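Coordinate analysis (summary)
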Amino acid sequence: MFIAKKIYCRAFQSCFKLALPILPYRNPKILNDVKQIPDVLIKNHCDSVLIVTDKTIMSFGLTKRLEHALKKKNIHYAIYDKTVPNPTTENVSEALKMYTHNNCQALIGFGGGSSMDCAKAVGARLANPDKSLGDMKGILKVGRRIPLLIAVPSTAGTGSEATLAAVIVDSKSRYKYAIMDFPLIPKYAVLDPRVTLSLPPFVTATTGMDALTHAVEAYIGNSTTHATRKDAIMAVKLIFENLETAVFHGDNIKARANMLKASFYAGCAFSESYVGYVHAVAHSLGGEYNIAHGYANAVILPYVLEEYGSAVDKKLHDLAMAAGLATPWTEPSVASAKFIAAIKDMQQKFSIGNKIKGIKVNDIPRLAQIADKEANPLYPVPVLMDAKRLEKFYYLIME
């Protein structure tokens, strides 16, 4: 990376870090059961709500408890269930029409990150009817209060229930971008482990690794605070203690509940401290090939950590201690290596692997440019890399 670009990136990141104490970050209020949602709606004078979800959630019947609770309190609801992995501008447009047609007053994002992001984007459009989603991409472009938003995560991984970001794919160009603004933080997050019980082992694993990626990238970046470091440490501890149980003993309510907490803590951490190149590369792959985001993160994470080298040894030492892999007396370089090795072990144990099928060599320079554009100058990564250097990761993971 050119010296001038490095200086610009670090100056940009330093300004954001200085502004952190005065920016209106907030955490959602936590509910522990979907049956509490109707009372929240009544409290906020909402008698009609749009539930944004997907076909898989509907096929498992995961919304039934919520629907029954809404009917019991005479709250009208409509369901948009066409959200796809890596939600599109078309999804948002369709859901928006359903919202207005049913005179809804609130939004419930029910499902994985895709459903929650779609609901956030609908809220952004409602707040700014004269703006397209493309007009609001980037930082602080929403600017107005959105309708009441309640997030019900069905996976323990994306952290979208705690963040200010909605990641959307343009239906025509397949360009994937983030809309980031404080009004998009949900007012309530419902951490109900019963919603996650039917999650298949592989999805449980990849979404859990997604949460781990959020915590790690937030912690090793240069814009941490005491609160985000604490959240990231707690997330890593909970993931290492509970993910394996949640994957192989999926009916374990305690493990499922702890993974939801881990995802929430990791979401709070990266919402304020941002992520890094793992996410930038994963987003480019998701936009181009519709690869599930958690899966992409799980594959890419150890490669990026190894590329950072000694720059992250001390911080990975902290995370290794949280994971029970090291002590305060372990050499940082040794603890760092143990932590990365543990991630690789997870890849194999959970049948995730370390390669991704379908990546085309001719696409790599363009995908690396997209990743570069997303990450620089925003993400306060420990080591700056340009598009040329980012190309390496695509070659490393391609099968």
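Preceding block: the structure.
These notes cover the structure that comes with them. (Residues numbered from 1 in each chain as written. Predicted model: local features only at pLDDT ≥ 70, side-chain atom pairs only at ≥ 80, totals over all residues. Heavy atoms only, no water.)

Another aspect to go through is the overall build of the chain. Counting secondary structure elements, the chain contains 15 helices and 9 strands. Relative to the compact-globule value of 21 Å for 399 residues, the chain shows a C-alpha radius of gyration of 20 Å, a close match. Taken over the C-alpha atoms alone, the chain extends approximately 60 × 45 × 45 Å along its principal axes. The 399 residues of the chain split such that 60% are buried. A separation threshold of at least 6 residues defines the contact pool for the chain, and within that pool the share at least 24 residues apart is 79%. In the form shown here, the chain has an accessible surface area of approximately 16300 Å², with 56% of it arising from carbon and sulfur atoms. Computed over 47 positive and 35 negative side-chain charges, the separation of the two mean positions in the chain equals 3 Å. (Helix = DSSP H or I, 4+ residues; strand = E, 2+ residues; numbered from the N terminus. Rg over C-alpha atoms; globule rule 2.2 N^0.38 Å. Buried < 20%, exposed > 50% of the residue type's maximum accessible area, 1.4 Å probe, protein only. Contact = heavy atoms within 4.5 Å. Areas by Shrake-Rupley, 256 points an atom, 1.4 Å probe, with all protein chains shown as cover. Lys, Arg positive; Asp, Glu negative; His and termini not counted. Charge placed at Lys NZ, Arg CZ, Asp CG, Glu CD.)

Before going further, it helps to spend a moment on empty space enclosed by the protein. Counting across every chain of the model gives 1 cavity of 30 Å³ or more. Of the volumes computed, that of the largest cavity is approximately 60 Å³. Lining the largest cavity are Phe16, Leu23, Tyr25, Ile139, Leu140, Leu164, Met180, Asp181, Phe182 and Tyr274. When the residues that make up the lining of the largest cavity are grouped by side-chain class, the tally is 9 nonpolar, no polar and 1 charged. (1 Å grid on protein atoms, 1.4 Å probe; cavity = no way out; pocket = protein on both sides within 12 Å on 5 of 7 lines; lining within 4 Å. Points joined across faces, edges and corners; volume = space filled by probe spheres on them. Nonpolar A, V, L, I, M, F, W, Y, C, P; charged D, E, K, R; others polar.)

A separate point is the layout of surface pockets. Volume-wise, the largest pocket comes out at about 1000 Å³. In this structure, the largest pocket is lined by 50 residues; those nearest its centre are Gly112, Gly113, Ser114, Thr158 and His293. Those elements giving two or more residues to the lining of the largest pocket turn out to be α3 (55-59), α6 (113-127), β7 (165-169), β8 (176-180), α7 (201-220), α9 (253-273), α10 (277-289) and α11 (293-308). Looking at which element gives the most residues to the lining of the largest pocket, the answer is α7, with 6 residues. When its residues are assigned to classes, the lining of the largest pocket shows 22 nonpolar, 21 polar and 7 charged. The computed volume of the second largest pocket comes to approximately 390 Å³. Taken together, 20 residues make up the lining of the second largest pocket; nearest its centre are Gly138, Tyr175, Met180, Lys373 and Glu374. Elements with a contribution of two residues or more to the lining of the second largest pocket: α1 (3-19), β5 (138-139), β8 and α14 (364-375). Sort the elements by how many residues they give to the lining of the second largest pocket and β8 lands first, with 4 residues.

Moving on, we come to the packing of α10 against helix α15 (residues 387-397). Close contact between α10 and α15 brings their axes to 11 Å; oriented N to C, the two are set at 65°. For the pair α10 and α15, the crossing hand works out as right-handed. Facing Tyr277, Val281, Ser284 and Leu285 of α10, the residues of α15 in contact are Leu390, Phe393, Tyr394 and Ile397. (Axes fitted to C-alpha atoms, helices over the stretch in contact; angles between N-to-C directions. Left-handed = near helix turned anticlockwise from the far one by under 90°.)

The 3 strands lie next to each other as β5-β8-β7, forming an open sheet whose pairing is mixed. Since the sheet does not close on itself, it has two edges, and those belong to β5 and β7, each with one partner. Pairing geometry for β7 and β8, over 5 bridges, is antiparallel. Residue pairing for β8: Val167 is matched across the bridge by Ala178. (Pairing = 2+ DSSP bridges.)

Another point: the packing of α7 against α11. Where α7 meets α11, the closest approach of the two axes is 7 Å, and the angle between their N-to-C directions is 40°. Regarding the angle of α7 to α11, the classification is oblique. Crossing of α7 over α11 shows left-handed handedness. Of the residues in α11, those touching α7 at Phe202, Thr206, Met209, Asp210, Leu212, Thr213, His214, Val216 and Ile220 are His293, Gly294, Tyr295, Asn297, Ala298, Leu301, Leu305 and Tyr308. Of the residues assigned to the contact of α7 with α11, the class counts are 10 nonpolar, 6 polar and 1 charged. (Parallel < 35°, antiparallel > 145°, perpendicular 65-115°, else oblique.)

What follows covers the sheet that holds strand β3 (residues 76-80). Reading across the sheet, the 6 strands line up as β1-β9-β6-β4-β2-β3 and stay open at both edges, with parallel pairing between neighbours. Strand pairing shows two members of the sheet lacking a second neighbour, β1 (29-31) and β3, which therefore form its edges. Adjacent strand axes in the sheet meet at a mean angle of 20° when their direction is disregarded. This element, α6, spans β2 (48-52), β4 (106-111) and β6 (148-153) of the sheet and lies at about 160° to β4.

With the rule as written, the count across this model stands at 9 aromatic pairs. Summarising the aromatic geometry, the rings of Tyr25 and Phe182 are spaced 4.8 Å apart at their centres and angled 85° between planes, so their arrangement reads as edge-to-face. Pair noted here: Tyr25 is in the loop between α1 and β1 and Phe182 is in the loop between β8 and β9 (188-190), with a separation of 157 residues, a long-range link. Here the two residues Tyr25 and Phe182 agree in accessibility, since each one is buried. Between the aromatic rings of Phe240 and Phe339, the centroid separation amounts to 5.7 Å while the plane-to-plane angle is 40°, which identifies the pairing as tilted. Highlighted residues: Phe240 in helix α8 (residues 226-248) and Phe339 in helix α13 (residues 332-349), separated in sequence by 99 residues. You can call Phe339 buried: its relative accessible area is 0%. (Phe/Tyr/Trp six-rings, centres within 6.5 Å; stacked < 30°, edge-to-face > 60°.)

So, on to the pairing of β3. Among the 5 residues that make up β3, 4 are buried, leaving the element largely enclosed by the rest of the structure. Pairing of β2 with β3, which is carried by 5 bridges, proceeds in the parallel orientation. Among the inter-strand pairings, Val49 is bridged to a residue of β3, identified as Tyr77.

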